[in-house]
Every structure is written in structure tokens, then in C-alpha cells.
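Analysis of the macromolecular model
If you want the building blocks of each chain, they are given just below.
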Amino acid sequence: MVRPWTLLPNLQAPNILPGPMSNRITVAIAGGSGYVGGELLRLLLDHPTFTVTQITSERHKGSFVHFTHPNLRQRTRLKFTGLDELEPVQLLFLCLPHGQAMQQIERFTGLAERIVDCSADFRLDDPDLYAEWYGKPHAAPQWLGRFVYGLPELNRDRIRGAQYVSGVGCNATAINLAILPVVQSGLMVADTDLICEVKVGSSEAGNKASDSSHHPVRSGAMRSFAPVGHRHTAEVLQLLAVNRTRARVHMSGTAIDNVRAALATVHLFVPPGTRERGIWKAFRTTWKSEPFVRVVKEAKGNYRYPEPKILAGSNWADVGFALDNSSQRLVCICAIDNLMKGAAGTAVQSANLMFGLDETTGLTFPGLHPI
């Protein structure tokens, strides 16, 4: 009898896809035991150009990756190595806890031609803004200007060919994509207030257990964890500054009983006389050529507005809006998978651009329905 696993491809190589190594780009993931690192590896194992040669974890050093990321069983025979064992590669993804990448940035840049840092360390251009929102001075402020903020919908031309790209905050991504058409079209009332509410799934808190993530406490909860002072506010302020838009940003975060999800609902005001067709024009103009953004605004049905559930595992962002003509209040909405478009998916999309590849490579999974 032929055992089923004898029919599988050879799993000794880090990636199991065919193709000569000379045509592939070597990749390492530093800090790969977390959810973002696991998502990166899942995506890269099926990428036709990138080959993962190393993935690190201090806690799981020496163990097979699939013990920590069981969905990758029989997809790779990689084992976790220590961070001090990293070898030179062409592309390095940093998925370390916030604050660690900037402590060793000189070493990391000596190991890789190009870097995508998925932490918050290099998302902000201004060291004073970093100190204000993260409560301490930046350890390597001279490097802030060398990283490009890694949201392709904002910075595609700068990311293309860049050496160093930052990751994005998942909540900031949802807010920024929700409001970008209004900001770029100048439809927002000047010097106004943006009221931003983001509902997020539990995976946003990472895979390290805490009192708040303990299942009996977390299950069924709808908890306001950051009614004020959320750090991702800084990335929204940065977007407004780049677009020369003055507004006060008020952000709140609410934890909901999903694993993957980020749903941003942003309230703002548009000038008197603004009609829905003008909003439609702004959204269509901004998103008509974007490969991963869809405008979702239907007249009827369960899915007439963006819904994060159907985006699980995908790099899509669904955006929509509703206009209250009686008050000129515009509600902008964006749904994403926080681990994908809010982290690993956008990181791979940026890496594709950095190496001159089609930015959709390895990212076309559409999500599941029902789930």
C-alpha cells in the first residue's frame, strides 16, 4: 500500500514550490512565532519569487515551525533559529516586539539589502511625534527618514525600489483607507474633527497570553480598551499632514469577540450642499485603479456595507460611506483583516513593489464565505 504522504512533494527545502534558486529572492523573518510572522510565512511559502531561508524565535528555537503554526504542517520543514543566528539575505522582515528593531537596526541593515519592519518603530517620520505617542524617545531617530511608510495606497511610488519600508498599524490602516478619498478630494470641512471608532478582533493583541486575553474573560466581550490615546492616532495625523489637511483626530478602540477583524467607522462633516454623487466621485477616483480596495455600498442585502468577516485571510480592504443630508455628516467605513491588510499582507505587497514585482503576487486569495 502506498502511504498518502509519499505522494507529497519533497519537504526538505524551506519552500516546496518548484523553480531554480538562482531566480529566487532569499528572505528571513525575524520574530516569526507571532501571528504576523506566521501569516508572513504562510504567504511566502506560496510566493513564486521569495524563498524563506530562516525564521527566528527565542522561545521556540530549535523546534519545527509547524509546532507553533499548525496550519503549515507538511508545508515546510523549517525550524526556528535564534535571532543571533541570522545570516545575510536579500530581504528581511522584522516582526519583533515594538522597540526592539530600532535597538538593532544597524545590525539588521548589515544583514539584508532590503528590510520591511512590521513593528511601530519606523512608522513615524517625526521623532517628536514618536515620543509623544509612544512615551519615550526614539532610540535611532536618524533612521526614521530612511524608512518609507509601507501602505501602498499612500506611498506606492516611494515604496517601489525602496531599501527600507515600515509596517503599518492595522487600526490606522482601516481609518486611513476609510478617509483617504475625502482627504484627497478636499471634501472635508477644514479644521474639523474626525471621530474614529475602530472595532478589533483578539489577534490584534498578539499571541502572548495576558489577563485580558484569558478565554473566560475575553470570550463574548465587547470591551473599550482605548477610549482615548490610541497610538495609531499618530499615523492618521501623519496622513493628514502629508495631504496638508488640518483636522483634530479623536480615536477610540473597542475589542470585539472576533479573532480577525478591524472595522473603522469615521464620522466627519462635509460642506453644505455636498451630495452623495460627489462622494461617489471621490471614492471612485481614489480607488478605481487599486488592486486591493473595493467600494462596498449596496442598496440592500446583508453585505451592503464593509464587513470584515468575509475578508478573513485576504489582503482586501472594503470601503464604503453613508451621507446624512440633514446634517452633512459623512460616515466613512473600512473593513480589513487586521493580520493581513493591517500587517502581513501589506508587508508582502510592499516587498513586491520593492523588488519590482507585480504587487499582487502571492496575495490574490479572496477570503472565505461562509466562515
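Everything below is about the structure shown above.
For clarity, every value in this text was computed on a predicted model and none was experimentally measured. (Residues numbered from 1 in each chain as written. Predicted model: local features only at pLDDT ≥ 70, side-chain atom pairs only at ≥ 80, totals over all residues. Heavy atoms only, no water.)

A few words on the packing of aromatic side chains. Evaluation of the coordinates by the stated rule reveals nine aromatic pairs. Ring centres of tyrosine 130 and tyrosine 134 lie 4.7 Å apart, and the angle between their planes is 10°; on these two criteria the pair is classed as stacked. Taken together, the residues tyrosine 130 and tyrosine 134, both in helix H4 (residues 127-134) and four residues apart, mark about one turn of the helix. The two residues tyrosine 130 and tyrosine 134 agree in class, both being buried. Both rings, one in tryptophan 143 and one in tyrosine 164, keep their centres 5.5 Å apart while their planes meet at 75°; by these two values the pair is edge-to-face. (Phe/Tyr/Trp six-rings, centres within 6.5 Å; stacked < 30°, edge-to-face > 60°. Helix = DSSP H or I, 4+ residues; strand = E, 2+ residues; numbered from the N terminus. Buried < 20%, exposed > 50% of the residue type's maximum accessible area, 1.4 Å probe, protein only.)

With that out of the way, let us pick up the packing of helix H6 (residues 170-185) against helix H9 (residues 276-287). For the pair H6 and H9, interaxial distance at closest approach is 9 Å and the crossing angle is 105°. Our classification of the angle between H6 and H9 gives roughly perpendicular. Across the interface between the two elements, Leu177, Ala178, Leu180, Pro181, Val182, Gln184 and Ser185 from H6 touch Ala282, Phe283, Thr286 and Trp287 from H9. Each residue belonging to the contact of H6 with H9 can be placed in one class, and the counts come to eight nonpolar, three polar and no charged. (Axes fitted to C-alpha atoms, helices over the stretch in contact; angles between N-to-C directions. Parallel < 35°, antiparallel > 145°, perpendicular 65-115°, else oblique. Contact = heavy atoms within 4.5 Å. Nonpolar A, V, L, I, M, F, W, Y, C, P; charged D, E, K, R; others polar.)

Time to look at the side chain of threonine 49. Considering the arrangement of structural elements, one finds threonine 49 in the loop between helix H1 (35-45) and strand S2 (50-55). When its relative accessible area of 16% is taken as the criterion, threonine 49 is described as buried. Residues contacting threonine 49, with those up to four places away along its chain left out, are Asn23, Arg24, Ile25 and Leu357.

This part covers the sheet that holds strand S3 (residues 89-94). Sheet strands pair via backbone hydrogen bonds, and the direction of the pair is either parallel or antiparallel. Taken in spatial order, the six strands make up an open sheet running S2-S1-S3-S4-S6-S5, and their pairing is parallel. Both outer strands of the open sheet, S2 and strand S5 (148-149), are each paired with one neighbouring strand and no more. Here S5 pairs with strand S6 (residues 164-166) via two bridges, running parallel. Paired with valine 148 across the two strands is valine 165, which belongs to S6. Sheet strands touched by helix H10 (residues 340-354): S2, S3, strand S4 (112-117) and S6. Its angle to S4, the strand with the most contacts, is close to 150°. (Pairing = 2+ DSSP bridges.)

This next bit is on the nonpolar core. Ranked by size, the top nonpolar core spans 43 residues in total, and within it Ile175, Ile179, Leu194, Val266, Leu268 and Leu330 carry the most contacts. Breaking this core down by element, the ones donating at least two residues are H6, strand S7 (192-200), helix H8 (233-242), strand S9 (247-255), strand S10 (262-269), H9, strand S12 (317-324) and strand S13 (329-336). Looking at which element gives the most residues to this core, the answer is H6, with nine residues. Residues contacting leucine 330, with those up to four places away along its chain left out, are Val182, Val266, His267, Leu268, Val270, Ile279, Phe321, Ala322 and Leu323. Among the nonpolar cores identified, the runner-up in size contains 40 residues, and Val65, Leu78, Met340 and Phe355 belong to it. (Core = buried A, V, L, I, M, F, W, Y, C linked by side-chain atoms within 4.5 Å.)

Here we take up a nonpolar patch on the surface. Nonpolar side chains collect at one region of the surface, where Phe365, Leu368 and Ile371 lie side by side and expose about 280 Å² of accessible area between them. Note on placement: leucine 368 falls in the segment after H10. With a relative accessible area of 44%, leucine 368 lands in the partly exposed category. (Patch = residues over 30% accessible without salt bridge, like charges linked within 9 Å, V, L, I, M, F, W, Y side chains within 5 Å. Areas by Shrake-Rupley, 256 points an atom, 1.4 Å probe, with all protein chains shown as cover. Salt bridge = Lys/Arg side-chain N within 4 Å of Asp/Glu carboxyl O.)

Interpretation in functional terms is not warranted from these geometric data alone.
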